[in-house]
Amino acid sequence: MFTIAMLVLYRIGAHVPVPGIPFQGMTGLFASANDSIAGGAMALLNLFSGGALSYVSVFSLGIMPYITSSIIMQMLQSVVPSLHELAREGEVGQTKITQYSRYLTLALALLNAVGYLFLFKSFGIQFNGADAPEVIFDIMVVGTLVAGAMLIMWIGELITQRGIGNGMSLIIFANIMAGLPQAIFSSVSDGGTASIVLTAVIFVIILCVIPLIVFIERGQRRIPVQYAKRVVGRRIMGGQSTYLPIKVNTAGVIPIIFASAILYLPAQLAVFFPGVGWVQAFAGALSSGWINWILNVVLIVFFAYFYTSMVFNPEDTAENLKKQGGFIPGVRPGRATAAYIKNALSKITLPSAVFLAFIAIVPSIVFSFTGNQLIQAFGGTSVLIMVGVVMDTIAKVESQLKMYDYDGFFK
């Protein structure tokens, strides 16, 4: 109930307009911007804000400043030794890193808010107010957008701490689902029977792809592990055989989210230069088209390996197996075991990364030829994120249910 309440609060904020902006006139202006050269960039910005940007609401910045700061902090942990040591200090170090991420989110939100102010002015928006200087309204718009971004970050952290599931992922899930009804209506109303048939075909394809995504998400590479027998007091411990499970898609939907966030940056920067044609063309090229497809594939594969290396350390796993008296049959303990696990991890990460890239890119290519709005709003990236978030949330719910069942059993 707490998680649902926070998501409802977030969706309400996505429809609360920024003070001083004519709320009713923004939809037409945004639609005309989508027809411009940077329409792909605008569509990407609006998708990850859950439609809040098209209404110029207090949540127009969305969750992306927080995601971008999280990406930067995670990459810095691999480069800056002091941050790497903080990450290894456990809960205390992670608290400090989280605090740094919040400060960075504030800076990015301020930067984006100023850019959006230029964007709104490029649309020809006249701020409401007869006597007050325009700079007052500029400060009010920027301050409201920054406050909205920080409130979204707070909501996401509250969901993670006190709710069920990852708050950041659930907010993205809510954004995608919020645009689904409008996308279905637009795709059906565009052109008679042909549009209805195409929409039905898209739904059938999506329903066929979802089980495949679940199959890949649940897939494991099971490395056999044997534990040596040892005498503890009068008892003989160990001697059993088990396996070390390695998920085929260890990184989950994180590569998709990170790649989208990186490709989202040019669109963010383009709002600072609404009148510069080459900047808008550059942002539009990186937000849609063949350049976007190639970069998406490269970034997804890169982040799949990068994030997998962060969450799964073969050296630590091999060391823990050695301390517990476990070994992989036919492989020496220590460095040889670490190399064996690392090799197995690399082999299964590549096909999963290619699969993620394929699912993310194909709908974009199909949309470029058909123009169906449902594909754009509910394409491969959206389906991957939604399926991954739902599976993760279901796992969290099951763990909560087991905890309550065990409490009742012991009582």
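Residues numbered from 1 in each chain as written. Predicted model: local features only at pLDDT ≥ 70, side-chain atom pairs only at ≥ 80, totals over all residues. Heavy atoms only, no water.

**Focus: the overall build of the protein chain**
Piece 1. Within the protein chain, the regular secondary structure consists of 17 helices and five strands.
Piece 2. Classification of the 411 residues of the protein chain by burial places 45% in the buried group.
Piece 3. A fraction of 73% describes how many contacts in the protein chain between residues 6 or more apart in sequence connect residues 24 or more apart.
Piece 4. Surface summary for the protein chain: the accessible area is close to 21,000 Å², and the carbon and sulfur share equals 67%. (Helix = DSSP H or I, 4+ residues; strand = E, 2+ residues; numbered from the N terminus. Buried < 20%, exposed > 50% of the residue type's maximum accessible area, 1.4 Å probe, protein only. Contact = heavy atoms within 4.5 Å. Areas by Shrake-Rupley, 256 points an atom, 1.4 Å probe, with all protein chains shown as cover.)

**Examining the pairing of strand 1 (residues 220-227)**
Piece 1. Of the pairings in the sheet, the one linking strand 1 to strand 4 (residues 241-247) comprises seven bridges and is antiparallel in character. Bridge assignment links Gln226 to a residue of strand 4, and that residue is Ser241.
Piece 2. In this sheet, strand 5 (residues 326-327) lies alongside strand 1 in antiparallel orientation, the contact comprising two bridges. Bridged to Tyr227 within strand 5 is Gly326. (Pairing = 2+ DSSP bridges.)

**Examining helix 13 (residues 290-311)**
Piece 1. With 22 residues, helix 13 should cover 32 Å at 1.5 Å per step; its first-to-last C-alpha distance of 32 Å lies within 8% of that length.
Piece 2. Listed as buried for helix 13 are Asn292, Trp293, Asn296, Leu299, Ile300, Phe303, Ala304, Phe306, Tyr307 and Thr308. (Expected span 1.5 Å × (residues − 1).)

**Description of the packing of helix 12 (residues 277-287) against helix 13**
Piece 1. Running from N to C, helix 12 and helix 13 point in directions that differ by 55 degrees, and their axes come no closer than 5 Å. Here helix 12 is positioned oblique relative to helix 13, judged by the angle of their axes. For the pair helix 12 and helix 13, contact is made by Ala285, Leu286 and Ser287 and by Ile291, Asn292 and Leu295, respectively.
Piece 2. Here the residues of the contact of helix 12 with helix 13 sort into four nonpolar, two polar and no charged. (Axes fitted to C-alpha atoms, helices over the stretch in contact; angles between N-to-C directions. Parallel < 35°, antiparallel > 145°, perpendicular 65-115°, else oblique. Nonpolar A, V, L, I, M, F, W, Y, C, P; charged D, E, K, R; others polar.)

**Quick look at a nonpolar patch on the surface**
Piece 1. A cluster of nonpolar side chains, contributed by Met1, Ile4, Val8, Ile12 and Val16, occupies part of the molecular surface with about 520 Å² of accessible area.
Piece 2. Considering the arrangement of structural elements, one finds Ile12 in helix 1 (residues 2-13). (Patch = residues over 30% accessible without salt bridge, like charges linked within 9 Å, V, L, I, M, F, W, Y side chains within 5 Å. Salt bridge = Lys/Arg side-chain N within 4 Å of Asp/Glu carboxyl O.)

**Focus on the sheet that holds strand 5**
Piece 1. Reading across the sheet, the three strands line up as 4-1-5 and stay open at both edges, with antiparallel pairing between neighbours. Here the strands that pair on one side only, and so sit at the sheet edges, are strand 4 and strand 5.

**Quick word on the packing of helix 14 (residues 314-323) against helix 15 (residues 335-370)**
Piece 1. Remark: helix 14 packs on helix 15, axes separated minimally by 8 Å, with the N-to-C direction vectors making an angle of 135 degrees. Here helix 15 runs oblique to helix 14, going by the angle between their axes. As for how helix 14 packs across helix 15, the hand of that crossing is right-handed. Across from Pro314, Glu315, Thr317, Ala318 and Leu321 in helix 14, the residues of helix 15 making contact are Thr337, Ala338, Ile341 and Lys342.
Piece 2. Taken together, the residues of the contact of helix 14 with helix 15 sort by class into five nonpolar, two polar and two charged. (Left-handed = near helix turned anticlockwise from the far one by under 90°.)

**Side note on the nonpolar core**
Piece 1. Among the nonpolar cores identified, the biggest contains 69 residues, and Ile63, Ile67 and Leu145 are the most heavily contacted of them.
Piece 2. Here the element with the most residues in this core is helix 8 (residues 134-162); it accounts for ten residues.
Piece 3. When residues no more than four places from it in sequence are discounted, the contact partners of Ile67 are Met168, Ile172, Ile257 and Ala261.
Piece 4. Counting residues in each nonpolar core, the second largest holds 13 residues, with Val225, Phe312, Val331 and Ile341 among its members. (Core = buried A, V, L, I, M, F, W, Y, C linked by side-chain atoms within 4.5 Å.)

**What about the pattern of salt bridges?**
Piece 1. In the structure shown here, the tally under the stated rule is two salt bridges.
Piece 2. We note a salt bridge from Glu157 to Arg102, for which the minimum N-O separation is 2.8 Å. Within this pair, whereas Glu157 is found in helix 8, its partner Arg102 is found in helix 7 (residues 91-122), the two being separated by 55 residues in sequence.
Piece 3. Classification of Glu157 by relative accessible area gives buried; the value is 10%.

**So, the packing of aromatic side chains**
Piece 1. Enumeration over the complete set of coordinates arrives at four aromatic pairs.
Piece 2. Ring centres of Tyr10 and Phe59 lie 5.5 Å apart, and the angle between their planes is 15 degrees; on these two criteria the pair is classed as stacked. Separated by 49 residues along the polypeptide, Tyr10 in helix 1 and Phe59 in the loop between helix 4 (52-55) and helix 5 (64-77) bring together distant segments of the chain.
Piece 3. Exposure remark for Tyr10: the relative accessible area of 0% places this residue in the buried category.
Piece 4. By relative accessible area, which is 3% here, Phe59 ends up buried.
Piece 5. Residues Phe302 and Phe303 carry aromatic rings whose centres are separated by 5.2 Å and whose planes lie at 65 degrees to one another, so their mutual orientation is edge-to-face. (Phe/Tyr/Trp six-rings, centres within 6.5 Å; stacked < 30°, edge-to-face > 60°.)

**Section: the confidence of the model for the protein chain**
Piece 1. Of the residues in the protein chain, 79% reach a pLDDT of 70 or more, and the chain-wide mean stands at 77.
Piece 2. Of all helices and strands in the protein chain, the one with the weakest mean pLDDT is helix 2 (residues 26-34) (53), whereas helix 1 scores best (89).
Piece 3. This stretch, residues 33-39, has a pLDDT under 50; its non-local contacts, to residues over four places away or in other chains, come to eleven contacts. (pLDDT = per-residue confidence, 0-100.)

**Description of the environment of Ala270**
Piece 1. Mapped onto the fold, Ala270 is located in helix 11 (residues 254-270).
Piece 2. Apart from residues lying up to four places away in sequence, Ala270 is in contact with Val279, Gln280 and Ala283.

**Structural notes on helix 12**
Piece 1. Taken together, the buried positions of helix 12 are occupied by Val279, Gln280, Ala283, Gly284, Leu286 and Ser287. Axial view of helix 12: buried residues confined to an arc of 165 degrees, hence all on one face.
Piece 2. Of the residues flanking the end of helix 12, it is Gly289, one or two places downstream, whose phi is positive at about 100 degrees. (Arc of directions from axis to C-beta.)

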